Amino acid sequence: MAKDGTRRGGARAGAGRKPKALTDKINEGISATIIELPETPTMEGVDVPPVKDYLKTKQKSGKDLCAAEVFEETWKWLKARGCDRLVSTQLVEQYAMSVSRWIQCEECISEYGFLAKHPTTGNAIASPYVAMSQQYMKQVNQVWYQIYQIVKENCSVEWKGATPQDDVMERLLRTRNGS
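Computed from a prediction, not measured in an experiment: that's the story for all the values here. (Residues numbered from 1 in each chain as written. Predicted model: local features only at pLDDT ≥ 70, side-chain atom pairs only at ≥ 80, totals over all residues. Heavy atoms only, no water.)

Please explain the overall build of the protein chain as it appears in this structure.
Counting its secondary structure elements, the protein chain contains five helices and two strands. Tracing the protein chain from N to C terminus, the helices and strands come up as α-α-α-β-β-α-α. With 179 residues in all, the protein chain has 30% of them scored as buried. Within the protein chain, contacts between residues at least 6 apart in sequence are counted, and of these 67% link residues at least 24 apart. Carbon together with sulfur atoms contributes 52% to the accessible area of the protein chain, which is approximately 12,600 Å² in total. (Helix = DSSP H or I, 4+ residues; strand = E, 2+ residues; numbered from the N terminus. Buried < 20%, exposed > 50% of the residue type's maximum accessible area, 1.4 Å probe, protein only. Contact = heavy atoms within 4.5 Å. Areas by Shrake-Rupley, 256 points an atom, 1.4 Å probe, with all protein chains shown as cover.)

Which parts of the structure should I look at to understand the packing of aromatic side chains?
Aromatic rings considered in pairs are described by the distance between their centres and by the relative angle of their planes. For the coordinates displayed, the defined rule picks out five aromatic pairs. Ring centres of Trp144 and Tyr148 lie 6.3 Å apart, and the angle between their planes is 35°; on these two criteria the pair is classed as tilted. One end of the pair is Trp144 and the other is Tyr148, both in helix 4 (residues 128-154) and four residues apart, which spans about a single turn. Under the relative-accessibility criterion, Trp144 is labelled buried at 8%. (Phe/Tyr/Trp six-rings, centres within 6.5 Å; stacked < 30°, edge-to-face > 60°.)

Before we go on, may I ask you to explain the environment of Thr163 in this structure?
With respect to the helices and strands, the residue Thr163 is situated in the loop between helix 4 and helix 5 (168-177). Given the relative accessible area of 8%, Thr163 is considered buried. Setting aside chain neighbours within four positions, we find Thr163 in contact with Trp77 and Trp144.

Explanation requested: the nonpolar core in the structure shown.
Note that soluble globular proteins tend to have their nonpolar side chains buried in a common cluster. Counting 29 residues, the largest nonpolar core has Phe71, Leu78, Val92, Tyr95, Val99 and Ile147 as the members making the most contacts within it. Put simply, the parts of the chain that give this core at least two residues each are helix 2 (67-80), helix 3 (89-112) and helix 4. Each residue touching Ile147, except ones within four places of it in the same chain, is listed here: Leu78, Val87, Leu91, Val92 and Tyr95. (Core = buried A, V, L, I, M, F, W, Y, C linked by side-chain atoms within 4.5 Å.)

I keep staring at the pattern of salt bridges and nothing clicks. Help me out?
A side chain with one charge can pair with a side chain of the opposite charge if their charged atoms come near. Inspection of the entire model under this criterion finds four salt bridges. The partner of Asp64 in a salt bridge is Lys58, with the nearest N and O atoms 2.9 Å apart. The exposure class assigned to Asp64 is exposed, which follows from its relative accessible area of 57%. (Salt bridge = Lys/Arg side-chain N within 4 Å of Asp/Glu carboxyl O.)

How should I be thinking about the side chain of Gln149 in this particular structure?
With respect to the helices and strands, the residue Gln149 is situated in helix 4. With relative accessibility at 10%, the residue Gln149 sits in the buried group. Here Glu153 takes part through its side chain, which lies 2.9 Å from a polar atom of the side chain of Gln149. Ignoring sequence-local partners within four residues, the contact set of Gln149 consists of Lys18 and Pro19. (Polar contact = N/O pair within 3.5 Å; in protein donor to acceptor, adjacent residues only side chain to side chain.)

In structure tokens, the structure reads:
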């Protein structure tokens, strides 16, 4: 504790070496703590939780928001790995909304270009959509890293193949084609 009474220094959240994936621990013969859960009662469930209305709303431009598709695709990917109970729905919603907003910014950059007119002077300035796009992409990557870390630490079966994050650019290209 510092002289002024505040706590500074010490371990910080997220600092240090990242934990190994559960599959790596199993393959290396390191004893991993695997908790066997009791048998769950039979319940009827759904593959994907209901998509919130704000993920499906029409935009001012009249285009559909693709957040619902991203949400469903990501949730199905998590369910296939058995991690759907470990990742909060809000985190997946935040990821889906960030991806769709990033796509909107990229569409605006394609439509209006990299330059804009200053509102008072009329001089050329950098388009605000470029900065917004960069911020949304940064947010997408941060949220995806949180989701992926949960899957990596808890998935006991090694898996390969595309992730929803791999398909972000593909989704952008599909929206430009109008598909």
